[in-house]
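This is what each chain is made of:
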Amino acid sequence: MLRFSTAGESHGESLVAMVSGVPAGVPVDQELISRELWRRQQGYGRGGRMRIERDGAHILSGVRHGKTIGSPIAMVLANKDWKNWGEILPVEEGDAAKHKPVASPRPGHADLPGSLKYDFPDARYVLERASARETAARVAAGAIAKLLLRPLGIEVASHVIRVGKAELRRPATWEEIAALQLKESVLLNCVDPESEAAMKAEVDAVLRTGDTIGGVFEVVVHGLPPGVGTHVNWDERMDGLLAQAVMSLQAVKAVEIGRGVTAAESLGSTVHDEIAYNGGEEAYTKFSREHNNAGGLEGGISNGEDVVVRGYLKPISTLRRPLGSVSFATREPVKAAYERSDVCVVPAAGVAAEAMVALTVARLVVEKFGGDSLRELEHNFRGYCEQIKAF
Ligand code: EPS
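Novice: What exactly am I supposed to notice about a nonpolar patch on the surface here?
Specialist: Nonpolar side chains collect at one region of the surface, where Ile-275, Tyr-277, Phe-287 and Phe-391 lie side by side and expose about 530 Å² of accessible area between them. The exposure class assigned to Phe-391 is exposed, which follows from its relative accessible area of 74%.

Pasting the structure below:
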């Protein structure tokens, strides 16, 4: 089974990502990993930390002579900010006078429930691990999943469809979304310049007022054949797995598959994607759809259309103009703690969600097609594709 885990604190020495269950023989393009990490650091509205970090993944194991060898892939991502935190957050007991307690929890962050749960006198250790800094490690792991999916012709990309009240008011094509991933400068990762300018204006407004702003990103999986995921057990449905994967990202408060939200207020006759038999030669089957309101999933199984997953992000909980809180020391009302922060992370969250979606899809692909080597996996994959083409 393809699995991954991460370790590391936001201001610790490094983040760690470990991916196991990747078949042998997958070419590992380290530039793609670096590029994904770079993309996650971009976007209008990031804070001072992103001027310090230059994320890169140092591969320790599982890759030799440019290819995976089937053993767990361990990667380390150094935190450049560690040079400023070594004495504040040492592994050893260190000097208590140098600690930086976070003594008034931020509403919306993990600060208060985490401190209560772990019996910490302040929220420092909670925020260190709850921080979205951890998504850098997820993106490194997700890049390995993308490298596994690439030889099968399966691609994953994201774009931003809303920041605050500014939204993309037209559908985006796969080609437009894919082209965004190649851009050398990223503003808000929107396919439409006019909508992107409106999104930037939303960020500018909160930059002026000391507030923060959320939005919606959309992740698209292109090239996935029908039949991945299954209806037979609740915990194997791909829609449920994707929902958990995307919901687990920091600040995501809702997940939508296809037209899930507006489908609830529409009639069945307008929602469901009628079936035709006129698919092109390059499609997996001749069965085709006029539209894709289902977001590529029916019964938790891929149907051959693009898989479309949206993540709804709340505004970041660290505000330059902090909200009301309570002091851990005195129990008196005080303002919530503030160090420094981003004001908008919707494009970055989209890149982190691509990683989560790629890891989920890669896991299901490995489960379905098996194989200890990429050659075996590809053989099984192509055989299945022939089978469904002849259906
Ligand atoms: C974060 C707080 C900020 C963000 C961080 C997430 O970090 P700092 O407190 O060091 O300024 O920059 O995100 C990242 C470091 C990152 O790489 O995305 C938080 O509290 O969640």
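What follows continues from the structure just given.
Novice: For this particular structure, what's the right way to read the packing of aromatic side chains?
Specialist: The way to describe two aromatic rings as a pair is by their centre distance and the angle between their planes. Per the stated rule, a full pass over the model turns up six aromatic pairs. Seen from their ring centres, Tyr-277 and Phe-287 are 5.0 Å apart, and the 70 degrees between their planes marks the pair as edge-to-face. Here Tyr-277, found in strand 11 (residues 275–277), pairs with Phe-287, found in strand 12 (residues 287–289); they are ten residues apart in sequence, far enough to count as distant. Joined through ring pairs, the aromatic side chains of Tyr-118, Phe-120 and Tyr-125 make up one cluster. Sitting above the plane of the Tyr-118 ring, Lys-117 keeps its charged end 5.3 Å from the centroid. A cation over an aromatic ring shows up here: Lys-368 above the ring of Tyr-384, its NZ or CZ 3.9 Å from the ring centre.

Novice: Explain the side chain of Arg-124 here, please?
Specialist: Assignment of secondary structure puts Arg-124 in helix 4 (residues 124–130). Residue class for Arg-124 comes out buried when judged on its relative accessible area of 4%. A distance of 3.0 Å separates the side chain of Arg-124 from the backbone oxygen of Lys-100, its partner in a polar contact. At a separation of 2.6 Å, a polar atom in the side chain of Arg-124 contacts the side chain of Glu-339. Not counting residues within four places of it along the chain, the set of residues in contact with Arg-124 comprises His-11, Trp-85, Leu-89, Lys-100, Val-102 and Glu-339.

Novice: Mind showing me how you'd approach the pairing of strand 1 (residues 3–7) here?
Specialist: One face of the sheet, then the other: side chains in a regular strand alternate in exactly this way. Examined bridge by bridge, strand 1 and strand 2 (residues 14–20) share five bridges and lie antiparallel to one another. Along strand 2, the bridge assignment pairs Ser-5 with Met-18. Counted between consecutive antiparallel strands, the loop separating strand 1 from strand 2 contains six residues, among which Gly-8 sits at a positive phi close to 125 degrees.

Novice: Can you help me understand the site of the ligand in this one?
Specialist: Near the ligand, the surroundings consist of His-11, Arg-40, Arg-46, Arg-49, Met-50, His-109, Ser-131, Ala-132, Arg-133, Arg-340 and Asp-342. Backbone polar atom of Ala-132 to an oxygen atom of the ligand: 3.0 Å apart, as the coordinates give it. Considered on its own, the ligand offers 470 Å² of accessible surface; in the complex 90% of this is hidden by protein. Across the shell around the ligand, the residue classes break down as two nonpolar, three polar and six charged.

Novice: I keep staring at the sheet that holds strand 1 and nothing clicks. Help me out?
Specialist: The strands that make up a sheet are held in pairs by hydrogen bonds between backbone atoms, and each pair lies either parallel or antiparallel. Overall, antiparallel pairing links the four strands, which are arranged 1-2-6-3 in an open sheet. Two strands close off the open sheet at either side, each with one partner strand: strand 1 and strand 3 (58–61). Sheet twist, expressed as the average angle between the axes of neighbouring strands with direction ignored, equals 20 degrees. Note that strand 3 and strand 6 (residues 73–78) share three bridges and pair antiparallel. Bridge pairing in strand 6 links Ile-59 to Met-75.

Novice: Can you walk me through the sheet that holds strand 15 (residues 307–313) in this structure?
Specialist: Ordered by their spatial adjacency, five strands build an open sheet running 8-7-9-15-10, and the pairing between neighbours is antiparallel. Every interior strand has two partners, whereas the edge strands, strand 8 (166–167) and strand 10 (252–257), have only one. Relative to strand 9 (residues 215–222), helix 11 (residues 346–369) is tilted by about 35 degrees, and along the sheet it contacts strand 7 (155–163), strand 9 and strand 15.

Novice: For this particular structure, what's the right way to read the pairing of strand 15?
Specialist: Here strand 15 lies mainly inside the structure; five of its seven residues are buried. In terms of strand pairing, strand 9 meets strand 15 through seven bridges, oriented antiparallel. If you follow Val-216 over to strand 15, its bridge partner there is Tyr-312. Pairing analysis gives five bridges linking strand 10 to strand 15, with the strands arranged antiparallel. Counterpart to Glu-256 in the pairing with strand 15 is Arg-310.

Rules and cut-offs
- The numbering scheme is per chain: residues are counted from 1 as the chain's sequence reads.
- Given that the model is predicted, a residue must reach a pLDDT of at least 70 before its local features are reported, and side-chain atom pairs must reach 80 or more before they are shown or counted; all residues, however, enter totals for whole chains, interfaces and linings.
- To obtain the side-chain values, all non-hydrogen atoms of the structure were used and water was disregarded.
- Excluding any residue in a salt bridge, patches collect residues exceeding 30% relative accessible area, merging like charges within 9 Å and nonpolar Val, Leu, Ile, Met, Phe, Trp and Tyr side chains within 5 Å.
- The accessible surface values rely on the Shrake-Rupley method and a 1.4 Å probe; as for residues, cover is taken only from the protein chains in view.
- The salt bridge definition used is simple: a Lys or Arg side-chain nitrogen within 4 Å of an Asp or Glu carboxyl oxygen.
- Exposure classes here rest on a 1.4 Å probe applied to the protein chains alone. A residue is buried below 20% of its type maximum, exposed above 50%, and partly exposed in between.
- Note on aromatic contacts: the rings of Phe and Tyr and the six-membered ring of Trp form a pair at centre separations within 6.5 Å, being stacked when their planes are under 30 degrees apart, edge-to-face when over 60 apart, and tilted otherwise.
- For the purposes of this entry, the term helix denotes a DSSP run of H or I that reaches at least four residues, the term strand denotes a run of E that reaches at least two, and both are numbered from the N terminus.
- Only lysine NZ and arginine CZ atoms are considered, and such an atom sits over a ring when it is within 6 Å of the ring centre and within 35 degrees of the ring normal.
- The term polar contact refers here to a pair of N or O atoms within 3.5 Å; inside protein, the definition further demands a hydrogen-donor-capable atom paired with an acceptor-capable atom, and it admits residues adjacent in sequence only when both atoms are side-chain atoms.
- Residue contacts are defined here by distance: any two heavy atoms, one from each residue, within 4.5 Å place the two residues in contact.
- Think of it this way: DSSP has to see at least two bridges between two strands before they count as a pair.
- The nearness test applies per residue and asks whether one of its heavy atoms lies within 4 Å of the molecule or strand.
- Amino acid classes used here: Ala, Val, Leu, Ile, Met, Phe, Trp, Tyr, Cys and Pro are nonpolar; Asp, Glu, Lys and Arg are charged; the rest, including Gly, are polar.
- Helix axes are fitted only over the stretch in contact, all axes being lines through C-alpha atoms; the angle between N-to-C directions runs from 0 to 180 degrees.

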